[in-house]
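Remarks on the overall topology
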Amino acid sequence: ERYNWKLVGKKEMYVPYNNFAINMINKGFNPQAIKLLDRVANEFPTAAMPYFLRGMAKLRMQNNEGGKADLEKYVEMAPPDAPQLQQAKDILAKIG
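These lines cover the structure that appears in this document, whether it is placed above or below. Throughout, residues of each chain are indexed from 1 in the direction in which the sequence is written. Totals for whole chains, interfaces and linings use every residue, but because this is a predicted model, local features are given only for residues with pLDDT of at least 70 and side-chain atom pairs only at 80 or more, for both listing and counting. Where side-chain values are given, they derive from all heavy atoms of the structure, hydrogens and water being excluded.

The subject of this paragraph is unusual backbone geometry. Phi is positive for Gln62, close to 65°, though the residue is something other than glycine. Secondary structure follows DSSP: runs of H or I at least 4 residues long count as helices, runs of E at least 2 residues long count as strands, and numbering of each begins at the N terminus. Along the chain, the position of Gln62 falls in the loop between α3 (49-60) and α4 (64-77).

Here it is as structure tokens:
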């Protein structure tokens, strides 16, 4: 594997990892983003956003089952005022 990720820092530090994952997803590096987000979700188990991002990356790879599971987890974990909450719900409604 080309990337050897080592997650460091406190809980607040997961945000830069999410931002990097967004950049990877936007550039089409979905498998790499998923790998990074797997590690972020493991390191920061109470953070909802990695599940949203990983779900979106999986959907882009036509992995509807995996994407759906991650988005459902995001909806379950996200605070009610999370900006992506309605988007996740809308996507889940479309993919059933």
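Here the narrative resumes.
Between the N-to-C directions of two axes lies an angle of 0 to 180 degrees, each axis being a line fitted to C-alpha atoms and, for a helix, fitted only over the stretch in contact. Across the interface, α3 lies against helix α5 (residues 85-95) with an axial gap of 12 Å and an inter-helix angle of 35°. Relative to α5, the crossing made by α3 is left-handed. Contacts from Phe52, Met56 and Leu59 of α3 reach α5 at Gln87, Ala88, Ile91 and Ile95. Side-chain classes are defined by residue name, with Ala, Val, Leu, Ile, Met, Phe, Trp, Tyr, Cys and Pro counting as nonpolar, Asp, Glu, Lys and Arg as charged, and the others, Gly among them, as polar. Its residues assigned to classes, the contact of α3 with α5 comprises six nonpolar, one polar and no charged. Two helices crossing with the near one rotated counterclockwise from the far one by less than a right angle form a left-handed crossing, whereas a clockwise rotation gives a right-handed crossing. In what follows, a contact means two residues having at least one pair of non-hydrogen atoms within 4.5 Å.

Buried together is how nonpolar side chains tend to be arranged in soluble globular proteins. Note on terminology: a nonpolar core comprises buried Ala, Val, Leu, Ile, Met, Phe, Trp, Tyr and Cys residues joined through side-chain atoms within 4.5 Å. Only protein chains enter the accessibility calculation, which uses a 1.4 Å probe; a residue whose area is less than 20% of its type maximum is buried, one above 50% is exposed, and one in between is partly exposed. The biggest cluster of nonpolar side chains holds 28 residues, and the ones touching the most others in it are Phe52, Leu71 and Tyr74. For this core, the secondary-structure elements that each account for two or more residues are α1 (14-26), α2 (30-43), α3, α4 and α5. If sequence neighbours within four positions are ignored, Tyr74 has contacts with Ala48, Met49, Tyr51, Phe52, Ala82, Gln84, Leu85 and Ala88.

A separate point is the packing of aromatic side chains. The aromatic pairing rule takes the rings of Phe, Tyr and Trp, using the six-membered ring of Trp, and pairs them if the centres are within 6.5 Å, calling planes under 30 degrees apart stacked, those over 60 edge-to-face and the rest tilted. In total, this model carries one aromatic pair according to the counting rule given. Relative to Tyr74, the ring of Phe52 has its centre 5.2 Å away and its plane inclined at 50°; by these criteria the two rings are tilted. In this pair, Phe52 sits in helix α3 while Tyr74 sits in helix α4, placing the two residues 22 residues apart along the sequence. Pair check on accessibility: Phe52 and Tyr74 agree, each one buried.

A pair is scored as a salt bridge if a Lys or Arg side-chain nitrogen falls within 4 Å of a carboxyl oxygen belonging to Asp or Glu. Taken as a whole and assessed by the stated rule, the structure comprises three salt bridges. Measuring nitrogen to oxygen at the nearest pair gives 3.1 Å for the salt bridge that ties Asp70 to Lys58. Placement of Asp70 in helix α4 and of Lys58 in helix α3 is noted, with a sequence separation of twelve residues between them. Each of the two residues, Asp70 as well as Lys58, counts as buried.

On to the packing of α2 against α3. Contact geometry of α2 with α3 gives a least axis separation of 9 Å together with a crossing angle of 155°. Considering the angle they form, α2 stands roughly antiparallel to α3. Along this stretch, α2 crosses α3, giving a crossing that reads as left-handed. Along the contact surface, α2 presents Asn30, Ile34, Leu37, Asp38, Val40 and Ala41, while α3 presents Pro50, Tyr51, Leu53, Arg54, Ala57, Lys58 and Arg60. Per-class residue counts for the contact of α2 with α3 are eight nonpolar, one polar and four charged. An angle below 35 degrees is read as roughly parallel, one above 145 as roughly antiparallel, one from 65 to 115 as roughly perpendicular, and any other as oblique.

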